[in-house]
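# Remarks on the overall topology
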Amino acid sequence: MQNKLSKIAKDTNLFLKRFIKKQKRTELVAAMEYGLFPGGKKIRSKILIDIGSIFKINYKTLIAIGAAVECIHAYSLIHDDLPCMDDDRIRRGKISTHIKFGESTAVLAGNSLLTMAFEILVSSSLKINEKIKVDLVKKLSETSGHLGIAGGQYLDLSFEKKKVSKSKIIDMEIKKTGKLFSFCSAVPVIIKRKSNKQIKFFENIGSNIGLLFQIADDLIDFKGSTVIAGKITGKDKKKGKATLISLLGYQNAIKYADKIKSKIINDLNKYSSNTNSLDETLDYILKRNK
């Protein structure tokens, strides 16, 4: 599994470095690259490739789209770390972008990565039909804004130190984390021009993968090591974050995560028997320590 992730990370980072190199270098690029590279685990791109393999989508096409996803993810982390948001000083084992470059530069670097994702999707580097490119831009736009990542972060902040229901926590975590996984899961179906019903089916699978990922993240924060995780742990409890762990307890959150994993595999088995690669990825998501 680690070898597969390393290959995806290497190929994705190479694509991004080449894409940025073709552009005019501005004063913001250093901060953008700092927040973007080395770029974390590439779990989202792995999901994209896992489901892409079911539909026999070209690997290089998936890497290019995964690069756009990584830009969105990096932008969200840069902004989440800001003092006005989650106020995190460490990210991916190094000081956060706003500590390194200043808050205003971090905001602008995040904005630039957000827009660069759409530059990638409409560029000549992505060898797919123009109509499909438009559909991908539309879907990723919905994923990134108030209906997705930004809206989820708003709810996350507004729920602090409040008693929040299970359904509201799940809705928040699906927006904050699940929507980007939902996009990755739907991409191969969109490229193959399948029906809206099939797209929705895979979006729901992606939402559950994202929920699983967020629970695993919360478990790491609850019991993980700052050194291993590459970010400060124990902050959710200190800030009074609304999580499924704070609501259900540690052991029950683990049981709930196992239940979600089973649902994902059962749902996907209705569509394809080729789930071994995704099953491996889900195991990695649950068992990771960073």
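For every chain, the first residue of its written sequence is number 1, and the numbers climb from 1 along that sequence. With the structure being a predicted model, the display of local features is reserved for residues of pLDDT at least 70 and the display and counting of side-chain atom pairs for 80 or more, all residues being used for whole-chain, interface and lining totals. Excluded from the side-chain calculation are hydrogens and water; included are all heavy atoms of the structure.

## Comments concerning unusual backbone geometry
Geometrically, the link from F37 to P38 is a cis peptide bond, its omega value of 5° lying close to zero. A run of DSSP states H or I qualifies as a helix once it reaches four residues; a run of E qualifies as a strand once it reaches two. Both are numbered from the N-terminal end. Looking at where P38 falls in the secondary structure, it is placed in the loop between α2 (29-36) and α3 (43-54). The phi angle at K42 is positive, at roughly 65°, despite the residue not being glycine. Its location among the elements puts K42 in the loop between α2 and α3. Classification of residues uses two cut-offs on accessible area relative to the type maximum, computed with a 1.4 Å probe and protein chains only: under 20% is buried, over 50% is exposed, and between them is partly exposed. Taking the relative accessible area as the measure of exposure, K42 reaches 3% and is therefore buried. For R193, which is not glycine, the phi torsion reads 55° and is therefore positive. Along the chain, R193 falls in the loop between α9 (166-191) and α10 (196-223). Residue R193 is classed as exposed on the basis of its relative accessible area, which comes to 53%.

## Considerations on the packing of aromatic side chains
Between rings of Phe, Tyr and Trp, where Trp is taken as its six-membered ring, a pair exists when centres lie within 6.5 Å; planes separated by under 30 degrees are stacked, by over 60 edge-to-face, and by other angles tilted. Summed over all chains, the structure comprises nine aromatic pairs. For the ring pair Y34 and F101, a centre distance of 5.5 Å and an interplane angle of 70° mean the geometry is edge-to-face. Of the two residues, Y34 is situated in helix α2 and F101 in helix α5 (residues 97-101); the sequence distance between them amounts to 67 residues. Of the residues examined, Y34 reaches a relative accessible area of 16% and is grouped as buried. Accessibility expressed as a relative area gives 29% for F101, which makes it partly exposed. Pairing F201 with F202 gives two aromatic rings, centres 5.4 Å apart and planes at 80°, and the pair type is edge-to-face.

## Points about the nonpolar core
Membership of the largest hydrophobic core comes to 86 residues, with the highest contact counts inside it found for L36, I65, L113, M116, L121, L136 and I209. In this analysis, two residues are considered to be in contact whenever any of their non-hydrogen atoms come within 4.5 Å of each other. Sequence-distant contacts of M116, defined by excluding residues within four places in its chain, comprise L16, F19, I20, Q23, M32, L36 and C71. Among buried residues, those of type Ala, Val, Leu, Ile, Met, Phe, Trp, Tyr and Cys that are joined through side-chain atoms within 4.5 Å constitute a nonpolar core.

## Examining the pattern of salt bridges
Any Lys or Arg side-chain nitrogen found within 4 Å of a carboxyl oxygen on Asp or Glu counts as a salt bridge. A complete count under the given rule lists 20 salt bridges for this structure. Of the charged contacts, one joins D156 and K176 as a salt bridge, the two residues approaching to 3.3 Å between their closest N and O atoms. Of this pair, D156 sits in helix α8 (residues 149-158) while K176 sits in helix α9, and the two are 20 residues apart along the sequence. The salt bridge involving E160 is made with K241; its shortest N-O contact spans 2.8 Å.

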